[in-house]
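Examining the three-dimensional arrangement
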Amino acid sequence: KNKMEGREGLKRPSWEEIVEARARIKPYVTNFPLVQLNYSSETMGHVQVYLKPENLQRIQSFKIRPAVNSILSVLQQRPETKHIITASAGNMGQGLAYFCQKQNLACTVVVPDHAPEMKLEALRRYGATIVKISFSDWWQIISTHNVSQFCPDLIGEFIHPVCSQTVLSGNATIGAEILEELPDVDVILIPYGGGALASGIASAVKNKETNKTKVYAVEVSTAAPLVESLKHKKPMTIEYTTSFVDGIGGKEVLPQMWNIVEQVIDGSIVSTPEECAEGIRIVAERNKLIIEGAAGASVAAALKFAQTEHFKTSHSHHDETHPLKIVCILSG
């Protein structure tokens, strides 16, 4: 029977859950050290920008962490599991398919009919079975956690790509690594799609009430439901336009995520697709790293953050010997 884990009672991962997740995923995930962005400009003030290069992980994205954590948690609780099911248009499907192949499990990925062929090709490479359905039916699965209403023949363990405790704690491991390496980090900028990456990392960072780090989501202007939701203090649905920045953005903030998001996210910084492209270009030229649009949004947000008056007034105590330290999550 398909489990509907996470439909109710999603909560901030505890420090114990994060420590457990780190131990679980350690053999399969690399803790890449932070890399300083080789870029500065006169308008930026006293700022050091660091990159957390999750684009270098096995499947070229951070999703390897929640995928491994979720599958190993399932196997720990139900060792007889033979089949993993998810609904994902992109990297989470790849993460689960890749690790199912390693664990000799069957994997079915339900995708919306507009999913890019390049991503479907990667799923096939990892041995996944692909089921295509309409976008509106697919979004129903995301919001209800019920895959059997559209795919009654699928029997297995359903892992939600976003709203799951093990996805959150898997993502939170990135936050724990950053704190270990750069305990005095001032600002962390995280791409916001479904919200599990931002919420997971922010939960780790804000685990200790004494921590003063600010955590901001980054969105693309063509699909930025979080900035509207924060403004109205409730989950909002917005006009959604597609762009090349396909790893983040959606029509709405998932209500299950909202309770965590409003507790741990300090705001959202929105960039245009052009600014995201500029972020990609800067990282490629200066650091020789190839990143996707969502990660470009983090870099765009860092440059914007460092140049605004808001930054200059609220962080005026920073100088050459004590620069403002910003970490950008390069999600993929």
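Before reading further, recall that the structure is shown in the block above.
Summarised in this report is the structure supplied together with it.

Reading the values: the criteria
Per chain, residues are indexed from 1 in the order of the written sequence. Confidence filtering applies because this is a predicted model: local features only for residues at pLDDT of at least 70, side-chain atom pairs given and counted only at 80 or more, and all residues used for totals across whole chains, interfaces and linings. Excluding hydrogens and water, the side-chain values take into account all heavy atoms of the structure. In what follows, salt bridge is the name for a side-chain nitrogen of Lys or Arg lying within 4 Å of a carboxyl oxygen of Asp or Glu. Comment: elements are numbered from the N terminus, with helices defined as DSSP H or I runs of at least four residues and strands as E runs of at least two. Contacts are assigned to residue pairs that have any heavy atoms within 4.5 Å of one another. The definitions used throughout rest on a 1 Å grid laid over the protein atoms alone, on which a cavity is an enclosed set of points accommodating a 1.4 Å probe that cannot get out and a pocket is an open set flanked by protein within 12 Å on both sides along at least five of seven lines; lining residues are those having an atom within 4 Å of a point. Grid points are joined across faces, edges and corners, and a volume is the space filled by probe spheres set on the points. Gly counts as polar in this scheme, as do all residues outside two lists: the nonpolar Ala, Val, Leu, Ile, Met, Phe, Trp, Tyr, Cys and Pro, and the charged Asp, Glu, Lys and Arg. Paired strands are those between which DSSP finds at least two bridges. Working definition: with a 1.4 Å probe on protein chains only, accessible area under 20% of the residue-type maximum means buried, over 50% means exposed, and in between means partly exposed. Call a crossover right-handed when, viewed with both strands pointing away from you, the route from the first strand across the helix to the second goes clockwise.

1. Quick look at the pattern of salt bridges
Following the criterion strictly, the structure yields 15 salt bridges and no others. The partner of Glu180 in a salt bridge is Arg22, and the shortest N-O contact between them spans 2.8 Å. Of the two residues, Glu180 sits in helix 6 (residues 165-181) while Arg22 sits in helix 1 (residues 15-25), which places them 158 residues apart along the sequence. Among the salt bridges present, the one from Glu117 reaches Arg124, with a minimum N-O distance of 2.9 Å. Within this structure, Lys52, Glu54, Arg65 and Glu177 form a network of salt bridges that share partners.

2. Brief notes about the environment of Ala106
For Ala106, the position within the fold is in strand 4 (residues 106-112). Along the primary structure Ala106 and Ala300 are separated by 194 residues, whereas in three dimensions their C-alpha atoms are 39 Å apart. Among all residues touching Ala106, those that are not within four sequence positions of it are Lys82, His83, Ile84 and Cys100.

3. Let's talk about the layout of surface pockets
Roughly 910 Å³ of internal volume is contained in the largest pocket. Trp138, Asp246, Gly247, Ile248 and Gly249 are, among the 43 residues lining the largest pocket, the residues nearest its centre. Contributions of two or more residues to the lining of the largest pocket are made by helix 3 (91-102), helix 5 (135-144) and helix 7 (196-205). Here the element with the most residues in the lining of the largest pocket is helix 5; it accounts for four residues. In terms of residue class, the lining of the largest pocket is made up of 23 nonpolar, 14 polar and six charged. Considered as a void within the structure, the second largest pocket measures approximately 370 Å³ in volume. Lining the second largest pocket are 17 residues, with Gln60, Asn91, Met118, Lys119 and Glu292 sitting closest to its centre. Of the residues assigned to the lining of the second largest pocket, the class counts are seven nonpolar, six polar and four charged.

4. What about the sheet that holds strand 3 (residues 83-87)?
Within a sheet, each strand pairs with its neighbour through backbone hydrogen bonds, oriented either parallel or antiparallel. In spatial order, the strands read 5-4-3-6; together these four strands make up an open sheet with parallel pairing. Two strands lie at the open edges of the sheet, namely strand 5 (129-133) and strand 6 (157-158), each paired on one side alone. As paired strands, strand 3 and strand 4 are joined by five bridges and run parallel to one another. Within strand 4, the position partnered with Ala87 by the bridge is Val110.

5. Let's talk about unusual backbone geometry
As a rule of thumb, non-glycine residues mostly have phi less than zero, and peptide bonds are mostly trans rather than cis. Phi is positive for Gln60, which is not a glycine, with a value near 65 degrees. Along the polypeptide, Gln60 turns up in the loop between strand 2 (47-53) and helix 2 (64-77). At Lys233, a residue that is not glycine, the phi angle is positive and equals roughly 60 degrees. Using a relative accessible area of 66% as the deciding quantity, one classes Lys233 as exposed.

6. Thoughts on the pairing of strand 5
The two faces of a sheet get side chains in turn, since along a regular strand they alternate between them. Looking at chain direction, strand 4 and strand 5 are connected through five bridges and run parallel. Across the sheet, Pro112 pairs through a bridge with Ile133, a residue of strand 5. Note on the crossover from strand 4 through helix 4 (residues 117-125) to strand 5: the handedness is right-handed.

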